[in-house]
Structures are given as structure tokens and as C-alpha cells.
Amino acid sequence: MKPLTEQSVKNYHKVLKNIVDIPLLEIFLNIGIELIELHPEEQYISELIEAIQEQQTLDGIEELNMKFRQVQDYHNDVIATYEDDNMFEANMDVPLPIEEVMMTLMSYQSPEDNYDILLAVLMDATEAVSYEYGFMDEFYEMKEEELKEYLKQKVFLGFDVLYVNFASLLDLRTALLSEKEEDDNTLYVTAILTTINLSMFNTVRKERFKVEQKMESKKVGRNEPCPCGSGNKYKKCCAK
């Protein structure tokens, strides 16, 4: 499956705008949030299908199936974009696929609408990570700097990449809340960074799923090295 291109985004926009009343930028980023969940089969596509059923009266099962396939194809292409290794390669001369996609998605809304979408996504994303990694109470009770120190020492110890990505999501959210930036360049950079950070959590989610599958086939002792390769004992890592 090839990553999304600027033209494919435009094509999907034409298909989807008559199916669900949700901006494509919001759909794209919310899929990234859903991919934080541990099990890959829990996909955002089911929510889109429910939205279609609620908002549209479709004539005949053939039309319904056709529209479901179109939304499913879009979902698969978005996942391919998140997993594209080129997304993490810096080349100032050639735009990354994700850059072209994001620029196109954001062109369909005003800066004010894009600001609202990005802020809502960042609020949802930080809550999703907090829930998934078990620090929801601390997330709401601690001040931001205190929370970051807690996460570094107690939650993401030994997993610096996860800590950096979550801290980045927090910083992006705080910047939008405090500065209320609505210029195109700031929002564009925010959208790119949000996508990359969500992609990293998705990569970890897939690895955790593989570990669970390994543990189902082979019992891992609590004091043995964790199969995820972190170097920690299983009881202090994925057994939590």
C-alpha cells in the first residue's frame, strides 16, 4: 500500500465529504490517537461506519458496501502513511509524504477551524496516552512540570523516546492554549509534530502487541528479561 499523496488526499476528500460530516484533518489525526490502543483490531473505522449509518440514508446494500469500502481504503492508506519510514528522514529538498498530506488536509478548512481541530486532538491524545499508560490521576492532579518529572522517573523510565514524544504533545497543547496561534505556518508545524509523535506511540503499540503474542505462546517469568527488549525485568516492564 503506497502512502497518501496530495492527489489521493484530494480524491478521498471528494469521496468522504458526502459520507461523513467530519473534516479530513480531524479524521486523520483521530486515527492516530486510536492507534495508541494496545490491540490493532480496535480501529477508528468502526466509528466512521457508525457515523455513516447515523447521518446518511443510503439506497440499497450495494451502495452501502461501496461507501464502506471507500472509507476502509482511506483508513488503510492513513495507516500506511503513519508507518512510512520516510516520514522520519529529513530532506529539505524533497517534501516528506506526510508534509504533502498535511498541507492538503489543512487547505480545506480555515486557520480558525484547523486551530480548533488541532487543540481538540492534542487534548484527546494526551488523555489517551495517560489512560493507556496508567497515569490519568496524575495527569489531572499535577502541574505540567511536576507531571513531566513524575513521568520521567516513574512511568517512562528506560523509555526515553516515549517520554520525549509525550512531553512534546504536552508542549504543543500548552502552546496552542496559551498563545492561541492561528497562523498557517504554526498550525502546519503543530500538525506535523503531532502526527510524528502519535506515530511513535503506534509503533510501540504494535511492538507491545507482538510481546503479548509471544507471552501467550511462552510463559515469561516475572524476574526474567522482558521480551520487548527493554532490558528491564518483565515484572517491571510489560507485566504492569
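Residues numbered from 1 in each chain as written. Predicted model: local features only at pLDDT ≥ 70, side-chain atom pairs only at ≥ 80, totals over all residues. Heavy atoms only, no water.

K.L.:
What is the right way to read the environment of glutamine 7 from this model?
P.N.:
Relative to the assigned elements, glutamine 7 resides in helix 1 (residues 6–16). Glutamine 7 sits in the partly exposed class, given a relative accessible area of 45%. Along the backbone, glutamine 7 and threonine 104 are 97 residues apart, and their C-alpha atoms lie at a distance of 8.7 Å. (Helix = DSSP H or I, 4+ residues; strand = E, 2+ residues; numbered from the N terminus. Buried < 20%, exposed > 50% of the residue type's maximum accessible area, 1.4 Å probe, protein only.)

K.L.:
I'm lost on the packing of helix 6 (residues 111–132) against helix 9 (residues 160–179) in this one. Help?
P.N.:
In helix packing, the relevant descriptors are the interaxial angle and the interaxial distance, both defined with respect to the helix axes. For the pair helix 6 and helix 9, the least separation of the axes is 9 Å and the interaxial angle reads 145 degrees. Every pair of crossing elements has a handedness; the one defined by helix 6 and helix 9 is left-handed. Residues Tyr115, Leu118, Leu119, Leu122, Met123, Ala125, Thr126, Val129 and Ser130 of helix 6 touch helix 9, and the partners they reach there are Phe166, Leu169, Leu170, Leu172, Arg173, Leu176 and Leu177. Class assignment for the residues of the contact of helix 6 with helix 9 results in 13 nonpolar, 2 polar and 1 charged. (Axes fitted to C-alpha atoms, helices over the stretch in contact; angles between N-to-C directions. Left-handed = near helix turned anticlockwise from the far one by under 90°. Contact = heavy atoms within 4.5 Å. Nonpolar A, V, L, I, M, F, W, Y, C, P; charged D, E, K, R; others polar.)

K.L.:
Quick question: what am I supposed to make of the packing of helix 2 (residues 24–34) against helix 6 here?
P.N.:
Where helix 2 contacts helix 6, the two axes come as close as 10 Å, and the packing angle between them is 10 degrees. Classified by the angle between their axes, helix 2 and helix 6 sit roughly parallel to one another. Every residue of helix 6 that contacts helix 2 at Leu25, Glu26, Leu29, Asn30 and Ile33 is listed here: Asn114, Ile117, Leu118, Val121, Asp124, Ala125 and Ala128. Per-class residue counts for the contact of helix 2 with helix 6 are 8 nonpolar, 2 polar and 2 charged. (Parallel < 35°, antiparallel > 145°, perpendicular 65-115°, else oblique.)

K.L.:
Whenever I open this one, helix 2 confuses me. Can you help?
P.N.:
Three- or four-residue spacings in an α-helix give side chains the same orientation, since the helix completes a turn every 3.6 residues. Counting buried residues in helix 2 gives 9 out of 11 residues, a clear majority hidden from the surface. Those residues of helix 2 not exposed but buried are Leu24, Leu25, Ile27, Phe28, Leu29, Asn30, Ile31, Gly32 and Ile33.

K.L.:
Would you mind going over the pattern of salt bridges with me for this structure?
P.N.:
With the rule as written, the count across this model stands at 3 salt bridges. Residues glutamate 145 and lysine 148 are paired through a salt bridge, measuring 3.9 Å at the closest nitrogen-oxygen approach. Of this pair, glutamate 145 and lysine 148 both sit in helix 8 (residues 144–155), 3 residues apart, which is roughly one turn of the helix. Linking aspartate 171 and lysine 148 is a salt bridge whose minimum nitrogen-to-oxygen distance equals 2.5 Å. Of this pair, aspartate 171 sits in helix 9 while lysine 148 sits in helix 8; the two residues are 23 residues apart in sequence, bridging distant segments of the chain. Relative accessible area serves as the criterion here: at 37%, aspartate 171 is assigned to the partly exposed category. One salt-bridge network, in which partners are shared between bridges, spans Glu144, Glu145, Lys148 and Asp171. (Salt bridge = Lys/Arg side-chain N within 4 Å of Asp/Glu carboxyl O.)

K.L.:
What's the story with the confidence of the model for the protein chain in this structure? I'm lost.
P.N.:
When pLDDT is averaged along the protein chain, the result is 79; 77% of the residues meet or exceed 70. Looking across the protein chain, the model is least confident in helix 3 (residues 45–55), with a mean pLDDT of 69, and most confident in helix 7 (residues 136–141), with 94. (pLDDT = per-residue confidence, 0-100.)

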